[in-house]
Amino acid sequence: PPPAQPLGRNLKAVLCQRCGSRVLLPGAATFAHRELLLPAMRKKAAAAAGGGGDVVREHWLVRDMFSFENVGFTRDVGNVKFLVCADCEAGPIGWHCLDDKDSFYVALERVAHE
């Protein structure tokens, strides 16, 4: 796992791997272990189209949508919205279930840390 504070918060800023846009400030999220299936990385228009994906287990968990610096959302796919970079629309970088308004998961392996 990446460097985390004792309480499991992110020590570094979380950035888009593609364009470097800042997604989260240091300390804005906590480390969480949860098995989720994310579609393969691509531009937003295709992100919801399906066709393969990855099982991702390590995430930054964000409890408030307003904690994000820059994030976009796909249209609903069932009861899920996928998170994408607000600037370049790369993604999905994370996952949000509409049944749980206070949980936004950002996959560690799909973002950069600085």
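Residues numbered from 1 in each chain as written. Predicted model: local features only at pLDDT ≥ 70, side-chain atom pairs only at ≥ 80, totals over all residues. Heavy atoms only, no water.

Draft legend 1. Inspection of the nonpolar core at higher detail. By size, the foremost hydrophobic cluster in this structure holds 15 residues, and its most contacted members are Val14, Leu24, Phe68, Leu83 and Val106. Sorting the residues of this core by element identifies β2 (22–24), β5 (53–62) and β10 (104–107) as the ones contributing at least two each. In contact with Phe68, other than residues within four places in its own chain, are Val23, Leu24, Val62, Leu83, Phe104 and Val106. In terms of nonpolar packing, the next biggest core, distinct from the first, is built from eleven residues, Leu36, Val56, Val80 and Trp95 among them. (Core = buried A, V, L, I, M, F, W, Y, C linked by side-chain atoms within 4.5 Å. Buried < 20%, exposed > 50% of the residue type's maximum accessible area, 1.4 Å probe, protein only. Helix = DSSP H or I, 4+ residues; strand = E, 2+ residues; numbered from the N terminus. Contact = heavy atoms within 4.5 Å.)

Draft legend 2. View of the packing of aromatic side chains. For the structure on display, the rule yields four aromatic pairs. Ring geometry for Phe31 versus Trp60: centroids 6.2 Å apart, planes at 80°, classification edge-to-face. Here Trp60 lies in strand β5 and Phe31 lies in strand β3 (residues 30–39), a separation of 29 residues in the sequence. Phe31 sits in the partly exposed class, given a relative accessible area of 30%. (Phe/Tyr/Trp six-rings, centres within 6.5 Å; stacked < 30°, edge-to-face > 60°.)

Draft legend 3. Geometry of the side chain of His59. Residue position: His59 is located in strand β5. Among the polar contacts made by the side chain of His59, one reaches the main-chain carbonyl oxygen of Arg34 at a distance of 2.8 Å. Discounting chain neighbours no more than four positions away, the residues touching His59 are Thr30, Phe31, Ala32, Arg34, Leu36, Tyr105, Val106, Ala107 and Leu108. (Polar contact = N/O pair within 3.5 Å; in protein donor to acceptor, adjacent residues only side chain to side chain.)

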